[in-house]
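Each chain, written out:
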Amino acid sequence: MITDRLARALDDRLRLSPIARRAMAKVFPDHWSFMLGELALYSFVALLLTGVYLTFFFDASNADRVYHGEYAPLEGRTTSAAYASTVRLSWDVRAGLLIRQTHHWAALVFVAAIVLHLARIFFTGAFRKPRELNFLIGVTMLTLALANGFTGYSLPDDLLSGVGLRILTSVVQSIPLVGAWLAALALGGEFPSDAMIPRMFVTHVLLVPAVLVALISLHLGILVRQKHSQFPGPGRTEHNLVGSRLWPSYTLRSLALFAWLLAVLFALGGLVQINPVWLYGPFEPAQATSPAQPDWYVAWGDGALRLFPSWEFRIAGHLVPAAFFPGVVLGGVTFLALYAWPFAERLRTGDRRQHHLLDRPRDHPVRLGVGVGALTFYAVLTVAAGDDIIARLIRVPVYDLLSLFRVLVFVLPLLAGLVAFLVARALRRGDAAGVGELTRADLRRAAHRSVRPPEADSGESETPARDRPGERIELWPEGDLWRWRYRDEDRQVVFPGSRAVRSEEEAASAARLAYPGVDRVVVPGPPPAPPPGPVRVALRRWGRAAAAGSLLLAALLDRRRDRRRQERERAEQASSPEAADRASTGGGRT
Amino acid sequence: MSARGPSATERAASRRIVAAFGASAAGAVGFAVTYAQGGNTRWEGACLAVAFAGLAVGLAVWARRLVPVGGYVEEHEGFTPPPTEQAMTAAELTAPDSPVRRRGLLAALGLALTALGAAALFPLRSLLPFDRARPERALKDTPWGPGVRLVDAAGRPVRPQDVPADSMVAVFPEGHVDTGDAPAFAVRLEPRRFSRPPAGGHLDGLVVWSLLCTHAGCPVRTYLKGTARVLCPCHQSSFDLLAGARPVAGPAARALPGLPIEEGPDGFLHATGDFTAPPGAGFWDSP
Ligand code: HEM
Ligand code: FES
């Protein structure tokens, strides 16, 4: 009742109902992969919420500050205000560590969700006309997410992140002509400068988030205007969109996803330690941690810095340092290639049509091969960022491992890309339904280039065949309103139109747009919906109980493992000579 | 169905949703209680996780069971507008009196905006305060210089005998323990074993080098005394101290700069100049 009154009161003043009715009837495709973008969006919301809380306690300053608080090893020591306040946040602010760790985990999930979302967009060709603009915005948001992750990671002014910042500064310095100036302008002087933390803070909490909010709004605005794309299937054409409605089902489902994400983030933030800066110690120019690994999303850059040979040269007496190629050139090429892909692909295929039906990855063997090869390349670089740890684990000299990685970084991507290409070709040409059903003959055939495959990327072939007799549009009156639905007897699908309209003509024209050329008939009324069978209901219930149980079990196990690890760490710390060394050299600030 | 009231499955779903939201409320209360009791990161996280998981389960069951799902179809107009409409819009934009037709005025406007944009770049120069040295100068200069005493991390001056034979000692210019480009290290080596003399010279085998890796500036903290090599923890460059601190493995390409030293009349170590090359990572104007 209250909702009803409120809605009426608002509508009397703002006349929202026409917009609201269309919005509520907006259709979302039901495939899981459309949730990845939402996951990124909700991670960003989680970052905003937790981040604002952190700003109340974090002191963004390089100035000296004496720490007093619960963390005994730091008691009475002078460090930067940024470091001291981060340790305070973790040890002395109630719920501070929870929010800080949740913020960090949310950052990791945020970037992961964006990358997966990008992979989905890439492999299904969702970037094709008319969605190029949103692709460009998305790639920009990925760069901003990486930048904000890096600045956030550097804010606490601890030893691990400080060394990372020094490496990044060196990479910027390596740019020919302007590098030294760029780095000095950004930091307000030579590394480490006093302006460093305050500047990164403003960038991290205001500049980049504000740009991200603007770009997200634009991204979503364009999405609503262009509507979702969808996978091909019966009754799905270039002229329609099949799925669930925004109100009520998608609203509930999307909120459920948000709640799931928060549950996972808070579980991680509370139970799984991340970035314990009090163990690393404050940044000092003469100290380094070993081993030193960055957060996962910058590890590819770190891996590239490790693998690139010690090769540099001079141009007319000027130095182009070794860090320039893996640091600046690789990063630049990566993002330029991402930005350019939709246009490069269009140049190659000459395809200028609109596409609202997605490709299956196999439909484009070249795209699949390139994508899989690129992902493998970055994956090898990411793993290479841990070469010192791997070397210690498997007891191999680190330089042997380095040589191996230098080979793998070229060989594995080529192999993976080639395999993906061949499998896609075999799937497209043969009649195997999935990768599991491929025969050797299929693959052999795929390796020969002469056979011209049937034109697979013509989405138009999915429009309903004019002469399929089973297909029709049914319209019926419902009180003053009209509804319509699509029915395909042969394929046994029935899709009701997403909303009721006010006249038969309106219903007919919506149906004509969605299914051009399909016959329309007026029918008496809605068919009764069959209730779900008891077996399926029971099965689902058991399935869900099992899932919940295993989740609980996993959480318990994780907690136990974590507690044990912490005990071990505490024991190690007490006995490690390195820690003692650090304390003796680091404690002597004057 | 609706005539008979909710079906059995609907009732079951409703019960589960209520149970889930109940669990959620319990989680929230648990969080509040934990917090009020003095706080515990693990319990707070676990309680909030339960609270949100309860919400999620409740909402998900609700979405699946109690509201219509899937299979709706919406028409998609596409983006190929009727040609006349596009033409009309274009015609209006480029009508004879349209601003876009005034080429001369547009060029003047463009000039003004370009000048403004270029002028707006000037204040960016303030990001590097004017009283600071120019970057390429700052990168080359360090606090080291003739007569500057070497001190350890605690600020105590270093005597030659303070440098033992089997480890490295981090040294700093007096008064500059925290300066970014100044850290150096002293080691004691046997001069016979030098295959190449240290760039900064040595005092009976006592040599001082910049601590900053020439790859990307990490401190090369690990000293392997048997082979007299130092190792950078960041990307595993290693430098052979017997061969003038030349890089022998990993991505670094330039030798560590040396620091010329002498024993002063006070018995402490003094620098006799700056590093033999700019310390740390390379840049365009590196000599
Ligand atoms: C694109 C979104 C963001 C990403 C990827 C991100 C990432 C990070 C990361 C990785 C950290 C290091 C956490 C740690 O110490 O372990 C951090 C710290 C921090 N973030 Fe963010 N963040 C984002 C948005 C925000 C926003 C919107 C705010 C506030 C308005 C914020 C405020 C802070 C503060 C104050 C810290 C320092 C607290 C500390 O030292 O732990 N962040 N951020
Ligand atoms: S910074 Fe030393 S190897 Fe890269």
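Everything numeric in this text was worked out from a predicted model, so none of it was measured.

**Let's talk about the overall build of chain B**
Part 1 of the argument: When helices and strands are tallied, chain B shows 5 helices and 11 strands.
Part 2 of the argument: For a compact globule of 287 residues, the expected C-alpha radius of gyration is about 19 Å, and chain B comes in at 36 Å, more than 25% above that figure.
Part 3 of the argument: C-alpha extents for chain B along the principal axes are approximately 105 × 75 × 35 Å.
Part 4 of the argument: Classification of the 287 residues of chain B by burial places 46% in the buried group.
Part 5 of the argument: Considering only intrachain contacts with a sequence separation of at least 6, the fraction spanning at least 24 residues in chain B is 53%.
Part 6 of the argument: Taken as a whole, chain B presents about 14,000 Å² of accessible surface, with 61% of it coming from carbon and sulfur.
Part 7 of the argument: Averaging the locations of the 27 positively and 25 negatively charged side chains of chain B gives two centres separated by 8 Å.

**Regarding the UniProt feature "transmembrane region" (unreviewed entry) in chain B**
Residues and elements named next belong to chain B.
Part 1 of the argument: The UniProt entry lists residues 17-36, 43-63 and 105-124 under the feature "transmembrane region" (unreviewed entry), expressed in the numbering used here.
Part 2 of the argument: Counted over residues 17-36, helix gives 100% and strand 0%. Its end C-alpha atoms are 29 Å apart.
Part 3 of the argument: The annotated region residues 43-63 carries 100% helix and 0% strand content, and the separation between its end C-alpha atoms amounts to 30 Å.

**Some points on the pairing of strand β7 (residues 471-478) of chain A**
Residues and elements named next belong to chain A.
Part 1 of the argument: Direction of pairing for β7 relative to strand β8 (residues 481-488): antiparallel, over a ladder of 8 bridges. When the bridges of β8 are listed, Trp-476 appears paired with Arg-483.
Part 2 of the argument: Between the antiparallel neighbours β7 and β8 lie 2 residues, among them Gly-479 with a positive phi of about 65°.
Part 3 of the argument: Where β7 and strand β10 (residues 520-522) come together, 3 bridges link them in parallel fashion. Counted as the bridge partner of Ile-473 is Arg-520 from β10.

**Here we look at the interface of chain A and chain B**
Part 1 of the argument: Counting from both sides, the interface comprises 111 residues of chain A and, opposite them, 88 residues of chain B.
Part 2 of the argument: Carbon and sulfur atoms make up 61% of the surface buried where chain A meets chain B, a total of about 8,400 Å² over both sides.
Part 3 of the argument: Scanning the region where chain A abuts chain B turns up 5 salt bridges.
Part 4 of the argument: In this structure, Arg254(B) engages Glu312(A) in a salt bridge whose closest nitrogen and oxygen atoms are separated by 2.5 Å.
Part 5 of the argument: Top element by residues in the side of chain A that touches chain B is helix α10 (residues 246-271) of chain A. It accounts for 15 residues.
Part 6 of the argument: A breakdown of the residues in the side of chain A that touches chain B according to their chemical character gives 54 nonpolar, 29 polar and 28 charged.
Part 7 of the argument: Pairing of strand β4 (residues 240-245) of chain A with strand β1 (residues 72-75) of chain B, which is carried by 4 bridges, proceeds in the antiparallel orientation.

**Some remarks on the packing of aromatic side chains**
Part 1 of the argument: The final tally for this structure, using the stated rule, is 29 aromatic pairs over all chains.
Part 2 of the argument: A ring pair is formed by Tyr53(A) and Phe57(A), whose centres lie 5.1 Å apart and whose planes are at 55°; its orientation type is tilted.
Part 3 of the argument: Residue classification places Tyr53(A) among the partly exposed positions, given a relative accessible area of 26%.
Part 4 of the argument: Its relative accessible area of 33% is what places Phe57(A) among the partly exposed residues.
Part 5 of the argument: Positioned over the ring face of Phe130(B) is Arg125(B), at 4.2 Å from the centre of the ring.

**What to know about the pattern of salt bridges**
Part 1 of the argument: Evaluated as defined, the whole model comprises 29 salt bridges over all chains.
Part 2 of the argument: With a shortest N-O distance of 2.9 Å, Arg499(A) and Glu75(B) are connected by a salt bridge. Taken together, the residues Arg499(A) in the loop between β9 (493-496) and α18 (504-514) and Glu75(B) in strand β1 connect one chain to another. An identical accessibility class is assigned to Arg499(A) and Glu75(B); each is buried.
Part 3 of the argument: Connected via shared salt-bridge partners are Arg472(A), Glu474(A), Arg485(A), Arg487(A) and Glu489(A).

**As for the domain arrangement of chain B**
Part 1 of the argument: Partitioning chain B into structural domains gives domain 1 (8-134) and domain 2 (136-287).
Part 2 of the argument: Here the C-alpha centre of domain 2 of chain B lies 52 Å away from the C-alpha centre of domain 1 of chain B.

**Some words on the coordination of the iron atom of ligand 1**
All names here are of chain A.
Part 1 of the argument: Only His-103 (NE2) and His-204 (NE2) from the protein reach the iron atom of ligand 1 as donors, at distances of 1.9 to 2.0 Å.
Part 2 of the argument: Classification of the site at the iron atom of ligand 1 as octahedral follows from its 6 donor atoms and the range of 88 to 180° in their angles at the metal. A residue pair is termed long-range when its members are at least 10 positions apart, and His-103 in helix α5 (residues 96-123) and His-204 in helix α9 (residues 196-226) qualify at 101 residues.

**Overview of the side chain of Ser238(B)**
Part 1 of the argument: With respect to the helices, strands and loops of the structure, Ser238(B) is situated in strand β8 (residues 238-240).
Part 2 of the argument: Relative accessible area serves as the criterion here: at 3%, Ser238(B) is assigned to the buried category.
Part 3 of the argument: Once you skip the residues sitting within four places of it in the chain, Ser238(B) turns out to touch Tyr399(A), Arg229(B), Val230(B), Leu231(B), Arg246(B), Pro247(B), Val248(B) and Ala249(B).

**A word on the confidence of the model for chain B**
Residues and elements named next belong to chain B.
Part 1 of the argument: Per-chain confidence: chain B averages 92 in pLDDT, with 98% of residues scoring 70 or above.
Part 2 of the argument: When pLDDT is averaged over each element of chain B, helix α4 (residues 103-121) comes out on top at 97 and helix α3 (residues 83-93) at the bottom at 87.
Part 3 of the argument: Quick note on the complex model: pTM equals 0.90, ipTM equals 0.94.

**Some thoughts on the sheet that holds strand β2 (residues 150-151) of chain B**
All names here are of chain B.
Part 1 of the argument: If you trace the 4 strands from one edge of the open sheet to the other, you get β2-β3-β4-β5, paired in antiparallel fashion. The sheet is open, and its two edges are formed by β2 and β5 (206-210), each paired on a single side.
Part 2 of the argument: With 2 bridges connecting them, β2 and strand β3 (residues 169-173) associate as antiparallel partners. Along β3, the bridge assignment pairs Leu-150 with Pro-173.

**Re α18(A)**
Part 1 of the argument: Taken together, the buried positions of α18(A) are Ala507(A), Ala508(A), Ala510(A), Ala511(A) and Ala514(A). Down the axis of α18(A), the sector holding all buried residues measures 160°, keeping them to one side.
Part 2 of the argument: Residues of α18(A) that are buried sit in contact with β4, β7, β8 and β10 of chain A together with β1 of chain B.

**Here's the deal with the confidence of the model for chain A**
Part 1 of the argument: With 90% of its residues at a pLDDT of 70 or more, chain A shows a mean pLDDT of 88.
Part 2 of the argument: This stretch, residues 453-465 of chain A, has a pLDDT under 50; its non-local contacts, to residues over four places away or in other chains, come to 27 contacts.

**Looking at the sheet that holds strand β6 (residues 222-224) of chain B**
Residues and elements named next belong to chain B.
Part 1 of the argument: The 4 strands lie next to each other as β6-β7-β8-β9, forming an open sheet whose pairing is antiparallel. The open sheet has two free edges, formed respectively by β6 and β9 (246-249), since each of these has just one partner strand. In this sheet, adjacent strand axes meet at a mean angle of 35° when their direction is disregarded.
Part 2 of the argument: The pairing of strand β7 (residues 229-231) with β8 spans 3 bridges and is antiparallel. Counted as the bridge partner of Arg-229 is Asp-240 from β8.

Conventions we followed
Residues numbered from 1 in each chain as written. Chains lettered and ligands numbered in written order. Predicted model: local features only at pLDDT ≥ 70, side-chain atom pairs only at ≥ 80, totals over all residues. Heavy atoms only, no water. Helix = DSSP H or I, 4+ residues; strand = E, 2+ residues; numbered from the N terminus. Rg over C-alpha atoms; globule rule 2.2 N^0.38 Å. Buried < 20%, exposed > 50% of the residue type's maximum accessible area, 1.4 Å probe, protein only. Contact = heavy atoms within 4.5 Å. Areas by Shrake-Rupley, 256 points an atom, 1.4 Å probe, with all protein chains shown as cover. Lys, Arg positive; Asp, Glu negative; His and termini not counted. Charge placed at Lys NZ, Arg CZ, Asp CG, Glu CD. UniProt positions renumbered as here; feature names shortened; annotations may be inferred. Pairing = 2+ DSSP bridges. Buried area = accessible area lost by both parts, 1.4 Å probe. Salt bridge = Lys/Arg side-chain N within 4 Å of Asp/Glu carboxyl O. Nonpolar A, V, L, I, M, F, W, Y, C, P; charged D, E, K, R; others polar. Phe/Tyr/Trp six-rings, centres within 6.5 Å; stacked < 30°, edge-to-face > 60°. Lys NZ or Arg CZ within 6 Å of the ring centre and 35° of its normal. Domains from an automatic or database assignment. Donors = N, O, S within 2.8 Å, 3.2 Å for Na, K, Ca; no water. Tetrahedral: all angles 85-135°; square planar, octahedral: opposite > 155°, others 65-115°. pLDDT = per-residue confidence, 0-100. Arc of directions from axis to C-beta. Axes fitted to C-alpha atoms, helices over the stretch in contact; angles between N-to-C directions.

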